[in-house]
Amino acid sequence: MAYQYWKNEAEFKKQSQLLQDLFNEQEKHYSEDKTTELSLIELAKRQRDKEIGCIYLAGGRIDNKACLGSENVGILFSSLPTDYAKAIAPAFHADHDELIVCTAGQVVVEYSTSLDSSAVVETIVLIPGEYFVAKAKWPHRISLAPLRMLIIEKENQVELDEPQIDQVSASFLAIKMGSLRGKGLYEDMTKWPHKSFHHPIIAKWRIDDAVMRKVRRTPEVCKMLHIPLLENKEK
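Residues numbered from 1 in each chain as written. Predicted model: local features only at pLDDT ≥ 70, side-chain atom pairs only at ≥ 80, totals over all residues. Heavy atoms only, no water.

### Some details on the overall build of the protein
Along its length, the protein carries seven helices and eleven strands. Taken over the C-alpha trace, the protein has a radius of gyration of 18 Å; the compact-globule value for 235 residues is 18 Å, and the two agree within 12%. Across its three principal axes, the protein shows a C-alpha extent of roughly 60 × 50 × 35 Å. Relative to its full complement of 235 residues, the protein shows a buried share of 43%. Pairs at least 24 apart in sequence give 72% of the contacts found in the protein among residues at least 6 apart. Summed over all atoms, the accessible surface of the protein reaches about 12,900 Å², with 53% contributed by carbon and sulfur. (Helix = DSSP H or I, 4+ residues; strand = E, 2+ residues; numbered from the N terminus. Rg over C-alpha atoms; globule rule 2.2 N^0.38 Å. Buried < 20%, exposed > 50% of the residue type's maximum accessible area, 1.4 Å probe, protein only. Contact = heavy atoms within 4.5 Å. Areas by Shrake-Rupley, 256 points an atom, 1.4 Å probe, with all protein chains shown as cover.)

### Some points on the pattern of salt bridges
Enumeration according to the criterion identifies eleven salt bridges in this entry. The salt bridge partner of glutamate 110 is arginine 141, with a shortest N-O separation of 2.9 Å. Linking glutamate 110 in strand S7 (residues 107-111) with arginine 141 in strand S10 (residues 140-142), this pair joins segments that are 31 residues apart in sequence. Ionic pairing is found between lysine 191 and aspartate 188, a salt bridge with its closest N-O pair at 3.1 Å. (Salt bridge = Lys/Arg side-chain N within 4 Å of Asp/Glu carboxyl O.)

### Re the pairing of strand S2 (residues 54-59)
Of all six residues in S2, five are buried; the element is thus mostly enclosed. Sheet analysis places S2 next to strand S5 (residues 73-80), joined by four bridges and oriented antiparallel. Paired with alanine 58 across the strands is isoleucine 75, a residue of S5. Across two bridges, S2 lies against strand S4 (residues 68-69) in parallel orientation. For glycine 59, the partnering residue across the bridge sits in S4 and is glycine 69. (Pairing = 2+ DSSP bridges.)

### Details of the pairing of S7
Buried residues dominate S7, accounting for five of its five residues. Burial of the side chains of S7 extends over both faces: Val107, Val109 and Tyr111 are buried on one face and Val108 and Glu110 on the other. As defined by bridge partners, S7 adjoins strand S8 (residues 122-126) across five bridges and the pair is classed as antiparallel. By the bridge assignment for S8, valine 107 is matched with leucine 126.

Okay, structure coming up:
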């Protein structure tokens, strides 16, 4: 089976270079003293520095030169807060489960076991080493709660210091397991027609999305937290 490369060539090269630099360092350390300090925590830090929210290591689309094609396993590594703009969007997978493993910081997951409009949205807080499995057809998303507490509840908090930034710096590994036919339009819950469909997790996303848009219009905060500024096409 042939797999399609990511059409965003600039991002493909950007991710590939970041991973290549890590591989080169690993090789150098191995040759010198057989030890290394490189880890997933370091990968997350470098993703934030380059404003790369998530990196796919396996899946149906080839996002970088280290990514391998697969019809039934998708592996991605997400670095927060950089990836919040994408990760807070609610979605469900019709044909596969998703394992979410916290690798650093605090990752807050919101989910529901039903697509019904009266479904209850549950919240689980993951710390390093803890995991959650979002079953097929379970709406789920990453909550903006840690960043919201830091930024929005302190309206004048613009000059953030390193300890405060560390509070919202987190990362997780997601492994998608199933047929991976690709996410259909209906599975992207941000695209649901407001008058035709409803789910309480969408209402929660709208609140976080408004907060994120406000954050992404503030250059000082974006620079400090390594969050991409809002592009004109997104406004």
